Structure formats: C-alpha cells, structure tokens
Amino acid sequence: MSFPQRHARTRRFSLGAPRGFSISPDGSRVLFLRSKGGSDPVTCLWSLDVATGEERLVADPAALADPDAELPPEERARRERSREQAGGIVGYATDAGHTVAAFTLAGVLYLADLTGVDAVRGVSTPPGVIDPRPDPAGNRVGYVSGGALRVYDRATGTSTALAEPESDTVRYGLADFIAAEEMGRMRGYWWSPSGDAVLVARTDDAPVVRWHVADPANPDRPATVLPYPAAGTANATTELFLLDGTGRRTRVDWSGEYLADATWDGTDLLISVEPRDQRTITVLRVDTATGATSEVVRNSDQAWVDIVPGVPAHLADGTLVWTAESYRSDEGIEARVLVVGGEAVTPPSLQVRSVLDVDGDTVLFTASDDPIDIRLWTYRPGDGLSCLTPEPGVFGGRRGGGTTVITAQTLDSDGVSVTVHPADGQKVTIASLAESPDLPVRLSLVPPATTWPRGPRTAVLLPSGHRAGERLPVLMDPYGGPHAQRVLSARNAYLTSQWFADQGFAVVIADGRGTPGRGPAYEREVFGDLASPALEDQVAAVEIASAAHPELDTSRVGIRGWSFGGYLAALAVLRRPDVFHAAVAGAPVTDWRLYDTHYTERYLGDPAVEPGAYERSSLLADAQKLSRPLMLIHGLADDNVVAAHTLRLSSALLAAGRPHTVLPLSGVTHMTPQEEVAENLLLLQVDFFRAGLRA
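### Re the overall build of the protein chain
The secondary structure content of the protein chain amounts to 11 helices and 44 strands. In terms of overall size, the protein chain behaves like a compact globule, its C-alpha atoms giving a radius of gyration of 25 Å where 695 residues would be expected to give roughly 26 Å. Overall, the protein chain is about 75 × 55 × 55 Å in size when its C-alpha atoms are taken along their principal axes. Considering the protein chain as a whole, with its 695 residues, one finds that 57% of them fall into the buried category. In the protein chain, of all internal contacts separated by at least 6 residues, the share reaching a separation of at least 24 is 59%. Accessible surface, the protein chain as shown: approximately 26600 Å² in total, 50% of it carbon and sulfur. Charge-centre separation for the protein chain: the mean point of 63 positive side chains lies 4 Å from the mean point of 88 negative side chains.

Right, dumping it as structure tokens:
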C-alpha cells in the first residue's frame, strides 16, 4: 500500500495512538482513549492501573451501538471545530472521584462504572445528547439536547430540563461557533464543586448573518443555513446564568464581547472575558449568591492579548496561577511568563505555551526555550522550576494525585510515546497501536543565521537516496501564520513533506513572523498586515535554505499549503512570481472580510475602521498579476473557510484573463477526512508541480 493510501487510512498515522488522558484523584488510575489498531477509526475508552500497568477496556463502541449511525448536527459541528477525524468515543467526562464516565454514541448517553462493578449502559433521555458531564459527586449528569441544558438523575433514572431555549436561535450549554473555532472553548456549562449549581452560557445567534452553504453536486438537497459571524458583522450574544437544582436562575453581571473561559473550583468561580478588539483579557470573580462580578487580574496590549490554555487556575491554598506577557526591548526580552501569586516564576528566556494541570501546589505546564522544542515543566512554591523532559522534542501531559502522564514526540522515533510516572513506583508505558509510517525522514534544521537572528526557523528535507550535487526543484510547504508551527522536533510533523521530497523535490518548511513560540513581539509582527511579513519570510527561507544546501535549484520553486498556508501559497505566486513559480492553494482565505470576527479582527481590526489593513491582506486585487501556474482546491462543505473565497478569486482571475485551475471537492469540509480525497489530493499535487516546475 502506498504512503498516500496509508496516510489517509490511518488519519495521518494518528489512529491507535493513546490520547484524552485523565487521572483519578489518588493517582492510581489513568483513563484514556485509543482505537484498537492503526487503521481502526473507532475509538474506545480504556483504564490503566498505574500500580500494575494492566489495561482494561472500559467501553467498546462496536459492542454498544451502530458505528455508522448518524451523528446529531451539533455533534458534527463540534467535531469539525475540534478537527476530530476519528469515530466512536471521541470525548468523555468523569465525576471528581473517577467513579463514573459519561460519553455519547450517535446522540445517545452512555454511563460507564469505573469501579468495575456495573457494565456500561445506555441511558434513556431525549435524543441528540451533546457534551454529557457528571457532577463532581457523580449523582447527576448534565447534558445538552435540543438546545436545552438537562440533568439526568442516576438514582431516579429521570431527566429534567434546567434551561430550555426560548427560540430556535438560542442554545443553552453549548459553545458558539467563535468560542469553539477560535477561542479553544468547547463547552458551555460548568458544575459547582459541590454539584448543587451550574454555570451555563446562553447563546443567541439571531444577530448573526446567515450564509447558505450548498452542495452543487446534489442540487436536490437544500443548502445548509449557516450563522457565520464574518469580520465586522455581529457575533452571537452570550449571557451567563447560575442555575440551582430546580432551574432557578441568577444572571451573572459581566460586560464584554467574548467569554474566553470559566473555571469553578474550591476557591472561586472565575470567568475570563474580552472586548471586541481583544486588547484586554480580564479575569472576573463571580459572587455565586448574587451574580455580581469583581476584577481579579487583567492583561492588556496595544495589539491583542492571547488566550492561554489552562489559566486562570488556583493552587490548593487558593493562590492564583496566571500568565503575563513581558516586553523589555532595551534588554531584548520578550516573553510570556508564568505568574503565581502575582509574581513571575519563569525566566524571560522561556516562552510559556500552556498550563496543563494544577495538582495541589504543583503547576504542570509547557514552555519553549527554543521554539522547535516544546518541553514539559513543573513549578512548585519552595521548589521552583523543574524540566521533566530536557531532551529535544514536543511534549505534553497531565498530572493528578501525584501521577504524571507524559506524551512525547521526537525526531528519533515515529508517532507518540506515552509514559505514566507515579509519585512512588515505577513508570508505566501506555502502548501505542498506531502504524509506523516506515518512511525515513531526511531532515536538516537550518540554524538561525548570526546576521539574521530573527529570521524564520527553517527545515529542509531531501529525497532518500539523493546524490550529492544533484540539483533539485524546491517545494515550499508552509503554514506560516498565527497559531501553528511546522518546524518542530517531532518526526511525524514531516511525514507528508518527506513523501513530497521523495518524489524528487527539496522541501523547505519555514515558520516566519506571526507564528508562535518566539515571543509576543515576533507574533505581533503581522498586526495590521497578514500578507507582507509572512510572504517576506518565505522569500527569506528560500535564501536561507539554498545557502545551506547549494543543491536547491531556486529557478524552480513551488509552494503549497492549506488554510492560512493556502492563502500564503496563492499570495506567493501573485506578488512574488520572481521567486515562486507554481502554487497549490488549499482552502485559502482570499478576502479577509469573509473570515470570522475573532480571528480576523485580532490582526486586522474592524474593516469599517481599518479598511487599509484588509486591502493590504486581500488577494482579490492582485488577480491580474498572476503569471504562474496556480491550482485552487476547496471543499464545498467547508463552514470555516467557505468556498466563496476560492470562487471569488477564481472569478477575479477569469475577469483578468489569467488561466488557473480550480478543484472543487463535493461534500468535503475544511478537514478533508475522506480517505479517497485525502489520498488523491497528494498525488494530484505532485503531478501539478512536476508539470509547473519542469526545467
């Protein structure tokens, strides 16, 4: 079987890898998700006994439900927002004591007894169950059905509605599109620590403009009506209410455009909120008796403030855990630091990425001293900082009850390895069942130039068996924009790029200005202009790579990408045809006025106020400049970057008399999870570049 076939069938070699970890409060058990093999898309729920290393299959969807059953529309949308490509049990939640787990299959609620006494059982509820979550005591299970927040009582076997939608535009307990797509908030309700109350978000998308996403290949089907908050238009409104066990509600008094997150622990109920311009993020303490709020801490910036996963949080004694961004340009310092009790506890050389867990008085977090490595760290008052993973790689994990789960990706091994480290005892390995790619990666990481220390971090991949001195056409393979890195110390990050290299290219990957990991100032270089800095750094990467590898033939340079990478690929051949000679642009944003509020306005502002920023970043006005081969690829069911982006650019190119290729993908979303589509897209791109970069 070819690499493209295996790559598609294994969902990029992710099936069979353990993920979704949670740890019991005493640290004795670890729950996790994993399918039974590297090509099995049905994810099961497993439990690991930390002391013995014994795994137990808690729930197998194949034994519980029809794996091909239709998902509720809200669940399909949640999976699209989280880029979930597998099936079966793709998420679960437990009570505080890890005695019961709740999950859904095809909209049916299932409960699993984690003590091993009872079997997994389906629960009779109204249909279309979304996001079930047991209360901390495990007596009741909250869930969303039909836009209503409901509670299932395990003792009586009955369900009651705590909050029901007043119209068909209202949802209780679900994250709206912007929260899920751009803010990383996938939930819309939170239990109190005692389980006697719930904080619930009420969202109303009535103000949001309706778009219509049709499937032209099936004209008998009605178009999907999509509330899409494009830049400069109205967002959904979000209100917060405290509900007691009877549904009696107290309104939470907060102001702002966006609810970034909420956390309710034994210390406080805290919410994080942003204004429309995102230049401030404020943590508010909620009085659970009255709904009144008071400010706890605030971060501000002249460009924007990032939402950092995992904060705010509290140590066991109530000390606040937070992050802050520090600028001291006179000393060359620019860093996101971990703040505990109002004091920065990490040095400016360390870029904090996320807070993963707070276990008693120990904070588990990820941070980078070199952007290509994301290491796992702990901080404990009195003990200070400790790096758990000093070797190069990309690491993550969880911590609870003194037990730490560590996930590791390195350049020396395929896939993800998972080890469990109890407070006392021997470490245990959770086996990965993912398939090995069997693809040797011939990678060269180009060191930053001493004369250009702020240049893009650059990686070069050469074909296996390449002969010294043999000239190679160049294929740039970037993402190149905010939120995502491509140059990392992880072998699996380069698999597709290496396969392209083995087709006869020197593949170059570069993370330029705007990409994460190198400090707030580096990320903010794209403020007001998403095009120029990103494109300039791809041009620089060609120079950096060719200086390190003289075999690169810079008279034949192609560029490919998806989403922001697709935007960057089209931008490259439109504005710098002297450097880039062919491009494949997948799902590109071509007019930022058509992209969503939270992402776009963070970088370009309100289009009514900053029209110049949108003109500088748009591709449409450059259509008449096209002089190189360009292929545009777009899923017609994409509800993130809608197909109108490609169609409008194609229309502008046609009006300018510029030949180009458009590949529409019927029924395909932004993820392109379909096996045949994913496989053949790789093959078609190779053929396109071979023709476009012919010597």
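### Here we look at the sheet that holds strand β9 (residues 121-123)
Reading across from one edge, β6-β7-β8-β9 is the order of the four strands in this open sheet, with antiparallel pairing throughout. A single partner strand is all that each edge strand has here, and the edge strands are β6 (93-94) and β9. Two elements, strand β8 (residues 108-113) and β9, share three bridges in a ladder whose sense is antiparallel. Looking at β9, one finds that Leu111 is bridged to Arg121.

### A word on the pairing of strand β19 (residues 237-244)
Here strand β16 (residues 197-204) runs beside β19; their pairing, made up of eight bridges, is antiparallel. From the neighbouring strand, Asp204 faces β19, where its bridge partner is Thr237. Looking at chain direction, β19 and strand β20 (residues 249-251) are connected through three bridges and run antiparallel. Opposite Leu242, over in β20, you have Thr250 as the bridge partner. The antiparallel pairing of β19 with β20 creates a hairpin that spans four residues between the two strands, and Gly247 there sits at a positive phi of about 95°.

### Quick look at the packing of aromatic side chains
Under the definition given, this model contains 19 aromatic pairs. The interplanar angle of 10° and the centroid separation of 4.4 Å between the aromatic rings of Trp211 and Tyr228 together place this pair among those described as stacked. Of this pair, Trp211 sits in strand β17 (residues 210-213) while Tyr228 sits in the loop between β18 (224-227) and β19, and the two are 17 residues apart along the sequence. Of the two residues, Trp211 and Tyr228, neither departs from the other in class, the shared state being buried. The interplanar angle of 75° and the centroid separation of 5.8 Å between the aromatic rings of Phe688 and Phe689 together place this pair among those described as edge-to-face. With a relative accessible area of 1%, Phe689 lands in the buried category. Ring pairs connect the aromatic residues Trp304, Tyr479, Phe527, Phe564, Tyr567, Trp592, Tyr595, Tyr599 and Tyr603, which therefore count as one cluster. Cation over ring: Arg249 sits above Phe241, and NZ or CZ is 4.8 Å from the ring centre. Cation over ring: Arg518 sits above Tyr522, and NZ or CZ is 4.2 Å from the ring centre.

### Some remarks on the nonpolar core
Among the nonpolar cores identified, the biggest contains 94 residues, and Leu338, Phe365, Met476, Phe580, Trp592 and Leu630 are the most heavily contacted of them. Here the element with the most residues in this core is helix α7 (residues 564-575); it accounts for nine residues. Residue contacts for Phe580: discarding those within four places in its chain leaves Met476, Leu535, Gln538, Val539, Val542, Val557, Ile559, Ala572, Val573 and Arg628.

### A closer look at the sheet that holds strand β34 (residues 403-409)
Read from one edge of the open sheet, four strands run β33-β34-β35-β36, paired in antiparallel fashion. With partners counted over all chains shown, the strands left at the sheet margins are β33 (394-400) and β36 (428-430), one partner each. Across the sheet, the mean angle from the axis of one strand to that of its neighbour is 20°, orientation sign disregarded. The pairing of β34 with strand β35 (residues 417-421) spans five bridges and is classified as antiparallel. Residue pairing in the sheet places Ile406 in a bridge with Thr419 of β35.

### What to know about the side chain of Asn299
Checked against the element boundaries, Asn299 lands in strand β24 (residues 293-300). There is a polar contact of 2.9 Å between the side chain of Asn299 and the backbone oxygen of Thr323.

### A short note on unusual backbone geometry
In this model, Val311 is joined to Pro312 through a cis peptide bond whose omega is 5°. By the element assignment, Pro312 lies in the loop between β24 and β25 (313-314). Unlike most non-glycine residues, Phe13 shows phi in positive territory, near 60°. Relative to the helices and strands, Phe13 resides in the loop between α1 (3-9) and β1 (19-23). You can call Phe13 buried: its relative accessible area is 3%.

### Focus: the pairing of strand β30 (residues 362-368)
Counting buried positions over the seven residues of β30 gives seven, a clear majority of the element. The alternating pattern of β30 places Thr362, Leu364, Thr366 and Ser368 and Val363, Phe365 and Ala367 on opposite faces, both of which are buried. By the bridge criterion, seven bridges tie strand β29 (residues 351-359) to β30 in an arrangement that is antiparallel. Opposite Val352, over in β30, you have Ala367 as the bridge partner. The antiparallel hairpin formed by β29 and β30 contains two residues in its connecting segment, where Gly360 sits at a positive phi of about 65°.

### Let's talk about the pattern of salt bridges
If charged atoms from side chains of opposite charge come close, those side chains can pair. With the rule as written, the count across this model stands at 47 salt bridges. Residue Arg34 pairs with Glu55 through a salt bridge whose shortest N-O separation is 2.6 Å. Of this pair, Arg34 sits in strand β2 (residues 29-35) while Glu55 sits in strand β4 (residues 55-59), and the two are 21 residues apart along the sequence. Taking the relative accessible area as the measure of exposure, Arg34 reaches 3% and is therefore buried. In this structure, Glu239 engages Arg202 in a salt bridge whose closest nitrogen and oxygen atoms are separated by 2.9 Å. Here the residue Glu239 occupies a position in strand β19, and Arg202 occupies one in strand β16, the gap between them amounting to 37 residues. Residue Glu239 is classed as partly exposed on the basis of its relative accessible area of 22%. We classify Arg202 as buried; its relative accessible area is 13%.

Cut-off values and rules
- Residues numbered from 1 in each chain as written.
- Predicted model: local features only at pLDDT ≥ 70, side-chain atom pairs only at ≥ 80, totals over all residues.
- Heavy atoms only, no water.
- Helix = DSSP H or I, 4+ residues; strand = E, 2+ residues; numbered from the N terminus.
- Rg over C-alpha atoms; globule rule 2.2 N^0.38 Å.
- Buried < 20%, exposed > 50% of the residue type's maximum accessible area, 1.4 Å probe, protein only.
- Contact = heavy atoms within 4.5 Å.
- Areas by Shrake-Rupley, 256 points an atom, 1.4 Å probe, with all protein chains shown as cover.
- Lys, Arg positive; Asp, Glu negative; His and termini not counted.
- Charge placed at Lys NZ, Arg CZ, Asp CG, Glu CD.
- Pairing = 2+ DSSP bridges.
- Phe/Tyr/Trp six-rings, centres within 6.5 Å; stacked < 30°, edge-to-face > 60°.
- Lys NZ or Arg CZ within 6 Å of the ring centre and 35° of its normal.
- Core = buried A, V, L, I, M, F, W, Y, C linked by side-chain atoms within 4.5 Å.
- Axes fitted to C-alpha atoms, helices over the stretch in contact; angles between N-to-C directions.
- Polar contact = N/O pair within 3.5 Å; in protein donor to acceptor, adjacent residues only side chain to side chain.
- Salt bridge = Lys/Arg side-chain N within 4 Å of Asp/Glu carboxyl O.

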